[in-house]
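A structural walkthrough
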Amino acid sequence: MEFLYTYKTLKLEFPLSEPEKAKFVILGIPFDGTTSFKPGARFGPTLIRHATLNLESYILDYDVDIAELPIADIGDIAVVAGDPRKTADRVRDTLEELKRINPDALPILLGGEHSQTLGAVEALRPASYVVFDAHLDLRDSYEDNPYNHACVARRIGELGVREAMFGIRSGTREEVVYAEENGIPWVHARDYDFDAFVELVKPLPEPVYLSVDVDVFDLSLVPSTGTPEAGGLGFWEVVEAMEWLVENKRIAGFDIMEVGGNELGDITALTAAKLLFHFMGAKGSL
Ligand SMILES: [Mn+2]
C-alpha cells in the first residue's frame, strides 16, 4: 500500500510484517513545532527505535517474544513544520487509510508532541481517552494556538470522548475549574495508585485510546521530555495500569508521546522503548 504522507525511515530491527497483515502498526511523529521548554521531540521516534536495539524482544513478564508478533513499522509522518493542526491532519488521514486496509490493526504512535494525539483520536474515534500525563492539557488556547500541546485534552474532550487523567501535577486554576465543570476526572501523582486507576477506568465506554505522555514519569526517567516535572510516577506503576487496560478493555490506539533528546541512548527514549515493548508484549500475550 501507499501511505500518502509517511516516508520510510529507521525501522525497528525485527522481521517486520506488512501493515495490511499486522496486529500492531507503528507510526512515528517527529513533530515539535509548539514545544514550550525543551526542544527535541522531533527526534523522539528515531531515538525510541534506536533504543529498542538495547532491549531483548523476549519479554520476561509475559513469556512472549514480540519479534514473533506481526508488527509493522510504517515510518514517520512528514510533518508540516510549525503547524500542529496540519500535521495532525496527516496523522488522522494516515490512520484512516490504515483502518481501511486493516481494520484489525492496533495503531501505536511514537512522538513527538502530544498535540498530535488529536489526529489519532479523530481517526480512531474511541469512546474514551485514558491519559498518563503530568499536565492537564485543558487550555482552550496557548500561545495563540488552540492546537498547541497544552490544549490537546480540551480538544479531545470536545469531540465527545470521555476522559480520565492520571499522574497529574501541573495545571492552571482555569484548567482545574474546566475539568470540574465538564466532569473530567483526574488523579494527582501524589494520590495515584492502582486501585484509584481501576475505579475510574472500569466504567469508561469502549473502545479506549491510551495515551502516555512520558512526562508522567518522574523526570529521572525522562530527562529530555519537552516539559519535565519532578514528582512523577514510576515505570511499573504505568505498566501495571497498561496491563489492566489491555486485559479488560478494547484498545483503539496507543501512543507514547513527548519523547525528546538529541543524543542516541538518551534515558528518555530508553524508558519509552521499554514501555513500547511491554505494551506489545502484554497485548500479544492475550
Ligand atoms: Mn505533559
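The name that an unreviewed UniProt entry assigns to the chain is Agmatinase, with the source organism given as Thermococcus thioreducens. UniProt, in its Sequence similarities (unreviewed entry) section for the chain, records the words "Belongs to the arginase family. Agmatinase subfamily."

As for the nonpolar core
Of all hydrophobic cores here, the largest spans 55 residues; its most connected members are Ile 108, Phe 132, Phe 197, Phe 254, Leu 275, Phe 279 and Met 280. Looking at which element gives the most residues to this core, the answer is helix H8 (residues 267–284), with 9 residues. Not counting the four nearest positions on each side in its chain, Ile 108 is found in contact with Phe 24, Val 25, Ile 26, Leu 27, Phe 254, Leu 276, Phe 279 and Met 280.

Regarding the coordination of the manganese ion
Looking at the manganese ion, one finds its protein donor set to be Asp 133 (OD), His 135 (ND1), Asp 213 (OD), Asp 215 (OD) and Asp 215 (OD), positioned 2.1 to 2.8 Å from the metal centre. Spacing between the donor residues of the manganese ion along their common chain follows D-x1-H-x77-D-x1-D. Residues Asp 133 and His 135 agree in their burial class; the two are buried.

Some remarks on the environment of Glu 122
Mapped onto the fold, Glu 122 is located in helix H3 (residues 117–124). In this structure Glu 122 comes out as buried when scored by relative accessible area, which is 13%. Between the alpha carbons of Glu 122 and Asp 89 there is a distance of 8.9 Å; along the sequence they are 33 residues apart. Every residue in contact with Glu 122, bar those within four places of it in the chain, is listed here: Arg 85, Arg 92, Glu 96 and Leu 159. A polar contact is formed between the side chain of Glu 122 and the side chain of Arg 85, at a distance of 2.7 Å.

Rules used in this analysis
Residues numbered from 1 in each chain as written. Predicted model: local features only at pLDDT ≥ 70, side-chain atom pairs only at ≥ 80, totals over all residues. Heavy atoms only, no water. UniProt positions renumbered as here; feature names shortened; annotations may be inferred. Core = buried A, V, L, I, M, F, W, Y, C linked by side-chain atoms within 4.5 Å. Buried < 20%, exposed > 50% of the residue type's maximum accessible area, 1.4 Å probe, protein only. Helix = DSSP H or I, 4+ residues; strand = E, 2+ residues; numbered from the N terminus. Contact = heavy atoms within 4.5 Å. Donors = N, O, S within 2.8 Å, 3.2 Å for Na, K, Ca; no water. Polar contact = N/O pair within 3.5 Å; in protein donor to acceptor, adjacent residues only side chain to side chain.

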